[in-house]
Amino acid sequence: MQAWQLLAAARSVRLRGHAPATETAAGGYRSAFRGAGLEFEEFREYAPGDDAASIDWKVTARLGRPFVKRYREERARTVMLAVDASPSMRVAAGGSSPFFTAALAAVTLAVSAADSRDRVGLVIFSDRVEAFVPPGKGRGQPHAVAAALAEVAPVGGRTDPRPALDLLAAVMRRRCLLFVFSDCLGAAFAPVLGPFAARHEVTLGLLRGREAAALPPYGLLRLTDVETGRRAVLDCGKARVRDRYARAVRQRDAAQRAALAAAGVGLLELAVGDAPGPTLDAYFRRRARPGALRG
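Analysis parameters
Every chain's residues receive numbers from 1 upward, in the order its sequence appears when written. Since the coordinates come from a predicted model, pLDDT governs what is reported: local features require at least 70, and pairs of side-chain atoms require 80 or more to be given and counted, while whole-chain, interface and lining totals use all residues. Based on all heavy atoms of the structure, the side-chain values leave hydrogens and waters out of the count. Remark: nonpolar core denotes a set of buried residues (Ala, Val, Leu, Ile, Met, Phe, Trp, Tyr, Cys) joined through side-chain atoms within 4.5 Å. Type-normalised accessible area, obtained with a 1.4 Å probe on protein chains alone, sets the label of each residue: buried when under 20%, exposed when over 50%, and partly exposed for intermediate values. Helix numbers and strand numbers start at the N terminus; a helix is a DSSP run of H or I with at least 4 residues, a strand a run of E with at least 2. We call two residues in contact whenever any of their non-hydrogen atoms come within 4.5 Å of each other. Axis angles are defined between N-to-C directions and span 0 to 180 degrees, where every axis is a line fitted to C-alpha atoms and, for a helix, only to the segment in contact. Each angle gets one of four labels, with under 35 degrees taken as roughly parallel, over 145 as roughly antiparallel, 65 to 115 as roughly perpendicular, and the rest as oblique. Following the grouping adopted for this structure description, the nonpolar residues are Ala, Val, Leu, Ile, Met, Phe, Trp, Tyr, Cys and Pro, the charged ones are Asp, Glu, Lys and Arg, and the polar ones are all others, Gly among them. Put simply, a salt bridge is a Lys or Arg side-chain nitrogen that is within 4 Å of an Asp or Glu carboxyl oxygen. Following DSSP output, two strands are said to pair if at least two bridges run between them. Only residues whose relative accessible area exceeds 30% and that form no salt bridge enter a patch; like-charged residues are grouped when within 9 Å of one another, and nonpolar side chains (Val, Leu, Ile, Met, Phe, Trp, Tyr) when within 5 Å. Method for areas: the Shrake-Rupley scheme with a 1.4 Å probe, in which residue coverage is limited to the protein chains shown. Here Asp and Glu are counted as negative and Lys and Arg as positive; His is not counted, and neither are the chain ends. For this purpose, a charge sits on NZ of Lys, CZ of Arg, CG of Asp or CD of Glu.

S.K.: With reference to specific residues and values, describe the nonpolar core.
M.R.: Formed by 40 residues in total, the largest nonpolar core has its most connected members in Leu 81, Val 83, Val 107, Leu 122, Leu 149 and Phe 181. Counting only elements with at least two residues in this core, the list comes to helix H1 (3-12), strand E3 (78-84), helix H4 (98-115), strand E4 (119-125), helix H5 (141-151), strand E6 (177-182), strand E10 (266-271) and helix H9 (277-288). Among the elements that take part in this core, H4 stands out by supplying 11 residues, more than any other. Apart from residues no more than four positions distant in its own chain, Leu 122 is found in contact with Met 80, Leu 81, Val 83, Ala 131, Phe 132, Val 133, Val 145, Ala 148 and Leu 149.

S.K.: Lay out the packing of helix H6 (residues 162-171) against helix H7 (residues 190-197) in plain terms, naming residues and giving numbers.
M.R.: It is the contact of H6 with H7, at a shortest axis distance of 10 Å, that shows an interaxial angle of 5°. Put simply, H6 runs roughly parallel to H7. When H6 is examined against H7, the residues Arg 162, Leu 165, Leu 168 and Ala 169 are found in contact with a partner set consisting of Val 192, Leu 193 and Phe 196. Here the residues of the contact of H6 with H7 sort into six nonpolar, no polar and one charged.

S.K.: Give me the pattern of salt bridges: which residues, what numbers.
M.R.: This structure, assessed with the given rule, holds 11 salt bridges. Between Arg 128 and Asp 127 there is a salt bridge; the shortest N-O distance is 3.0 Å. Assessed through its relative accessible area of 39%, Arg 128 is described here as partly exposed. Exposure remark for Asp 127: the relative accessible area of 24% places this residue in the partly exposed category. Residue Glu 201 is joined to Arg 175 by a salt bridge in which the shortest nitrogen-to-oxygen separation is 3.8 Å. One end of the pair, Glu 201, is in strand E7 (residues 201-208); the other, Arg 175, is in the loop between H6 and E6, and 26 residues separate them in sequence. For Glu 201, a relative accessible area of 9% corresponds to the buried category. If you follow the salt bridges from partner to partner, you end up with Arg 208, Arg 252 and Asp 253 in one network.

S.K.: For the sheet that holds E4, give the residues involved together with the corresponding values.
M.R.: Read across the sheet, six strands follow the order E5-E4-E3-E6-E7-E10 without closing on themselves; strand pairing throughout is mixed. Looking along the sheet, the strands with just one partner apiece sit at the ends: strand E5 (129-136) and E10. Shown here is a sheet whose adjacent strand axes are inclined to one another by a mean of 15°, direction ignored. As judged from the five bridges shared by E4 and E5, these two strands associate in the antiparallel manner.

S.K.: Which residues make up H7, and what values go with them?
M.R.: Of all the eight residues making up H7, six are buried; the element is thus mostly covered by neighbouring parts of the structure. Taken residue by residue, H7 has Ala 190, Val 192, Leu 193, Gly 194, Phe 196 and Ala 197 as its buried positions. Residues of H7 that are buried make contact with H6, E6, E7 and helix H8 (239-262).

S.K.: Describe a positive patch on the surface, and please don't skip the residues or the numbers.
M.R.: A surface patch of positive charge is lined by Lys 238, Arg 240, Arg 244, Arg 247 and Arg 250. Inspection of the secondary structure puts Lys 238 in the loop between strand E9 (231-235) and H8. The class for Lys 238 is partly exposed, based on a relative accessible area of 34%.

See the structure below:
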């Protein structure tokens, strides 16, 4: 994976309305994550996807077609991206790995942040900090993020977000938006992210493989934990084994969602191998609704 390939993939992601991700995601991103102050910039004609609340009815009545107000944020926000590069994230199933999906989502957000003139940075972690791109502004920042993700050679063997969070706590003096991308295998993220969420706005991008939800209806399945080396054999031909596995997955997911909500951490679930654009777009739309928490 080359940096230019990752950037090209991020820029070609399609969201609802068939608009490029860097255009639609940036618009949704601006609506969902407003800065501390807004300054009027211009009127422009309404386009599908615009927030109806931004329509200026006086100009609309005068010209006979809908126009919206555009605002420029007076102070740039800081967006930090944290991507898990532990061994479980790099296992490719069906041609794609959780790490690639996470990297694509992170670069898409980096492009949207740069388009919004926000500062964006990156930390790649396993059980240690594998790479760090300090937050910065400008069109070159998404390339720096993509290059770090494309070139990283992780040495850590397990998942532990604490070193990465300790680094961010030391360098992020002002409130920031933090997106953490991980499959959350081998580590409990809510207790670690909770203290950080007390000062910053945190979203966990949870990577999910399609094969994780259910077992096949027959055969012996040999499983190996790539981080601990632990092995297990499941007899998928037994209904009680499949039911117990499905129940355990549901219980784990419910407990994880409850723990994240209690910690004040947002949840964004990404399917491994799918383009992250529609999921990001849906998340931004939920964030932009009246009453939603904003950074």
